[in-house]
Amino acid sequence: LMNLFARSLGGLLSDGLSAKFGFRGRIWAQFLALFFEAFFLFGFGSIDNTNEWYVALIVLIFFSTCVQMAEGTSYGIVPFMNKK
């Protein structure tokens, strides 16, 4: 379920920024997805036993969403690669 939702969300983000900024917008969409992926991964790694279990679950869900969004943005970039 996360794959369908978040990959589509990444593709929509990529298409939306592409409509406004061109190919550079697709690159920015991937950068943002990867940046927030790193942010939530750092947050997940910072959780210890003093936090409630649901805090780790929520951060993990946001991390997973960003991972799948980054995969969705890459689908918008790959067709523009030059074959050499």
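See the structure shown above.
Rules used in this analysis
Residues numbered from 1 in each chain as written. Predicted model: local features only at pLDDT ≥ 70, side-chain atom pairs only at ≥ 80, totals over all residues. Heavy atoms only, no water. Helix = DSSP H or I, 4+ residues; strand = E, 2+ residues; numbered from the N terminus. Polar contact = N/O pair within 3.5 Å; in protein donor to acceptor, adjacent residues only side chain to side chain. Contact = heavy atoms within 4.5 Å. Axes fitted to C-alpha atoms, helices over the stretch in contact; angles between N-to-C directions. Parallel < 35°, antiparallel > 145°, perpendicular 65-115°, else oblique. Left-handed = near helix turned anticlockwise from the far one by under 90°. Nonpolar A, V, L, I, M, F, W, Y, C, P; charged D, E, K, R; others polar. Expected span 1.5 Å × (residues − 1). Buried < 20%, exposed > 50% of the residue type's maximum accessible area, 1.4 Å probe, protein only. Phe/Tyr/Trp six-rings, centres within 6.5 Å; stacked < 30°, edge-to-face > 60°.

K.L.:
I'd like to hear about the side chain of Thr73, residue by residue, with values.
P.N.:
Structurally, Thr73 is set in helix α3 (residues 53-77). A distance of 2.8 Å separates a polar atom in the side chain of Thr73 from the backbone oxygen of Ala70. Ignoring anything within four residues of it in the chain, the contact list for Thr73 reads Gly10, Gly11, Ser14, Ala29 and Gln30.

K.L.:
Tell me about the packing of helix α1 (residues 2-21) against α3, and please be specific about residues and values.
P.N.:
Remark: α1 packs on α3, axes separated minimally by 7 Å, with the N-to-C direction vectors making an angle of 55°. Taken as axis vectors, α1 and α3 run oblique relative to one another. For the pair α1 and α3, the sense of crossing is right-handed. Packed against α1, whose contacting residues are Met2, Asn3, Ala6, Arg7, Leu9, Gly10, Gly11, Leu13 and Ser14, the element α3 presents Ile61, Ser64, Thr65, Gln68, Met69, Glu71, Gly72, Thr73, Tyr75 and Gly76 at the interface. Residue composition of the contact of α1 with α3, grouped by class: 7 nonpolar, 10 polar and 2 charged.

K.L.:
Outline α3, listing residues and values.
P.N.:
Given a rise of 1.5 Å per residue, 25 residues ought to cover 36 Å, and the 37 Å separating the end C-alpha atoms of α3 matches this to within 8%. Of all the positions in α3, only Val59, Phe63, Thr65, Cys66, Val67, Gln68, Met69, Ala70, Gly72, Thr73, Gly76 and Ile77 are classed as buried. Buried positions along α3 lie against α1 and α2 (23-45).

K.L.:
Can you tell me about the packing of aromatic side chains, naming the residues and giving the values?
P.N.:
Considering all chains together, one arrives at 8 aromatic pairs under this definition. With 5.5 Å between their ring centres and 65° between their planes, Phe23 and Phe80 make a pair best called edge-to-face. Here Phe23, found in helix α2, pairs with Phe80, found in the segment after α3; they are 57 residues apart in sequence, far enough to count as distant. Centre to centre, the rings of Phe40 and Phe62 are 5.3 Å apart; their planes meet at 15°, and the pair counts as stacked. Taken together, the residues span a long stretch of sequence, with Phe40 in helix α2 and Phe62 in helix α3 at a distance of 22 residues. Overall, the relative accessible area of 19% leaves Phe40 in the buried class. Chaining the aromatic ring pairs together yields one cluster made of Trp28, Phe31, Phe35, Phe36, Phe39, Phe40 and Phe62.

The values are spatial; any link to function lies outside them.
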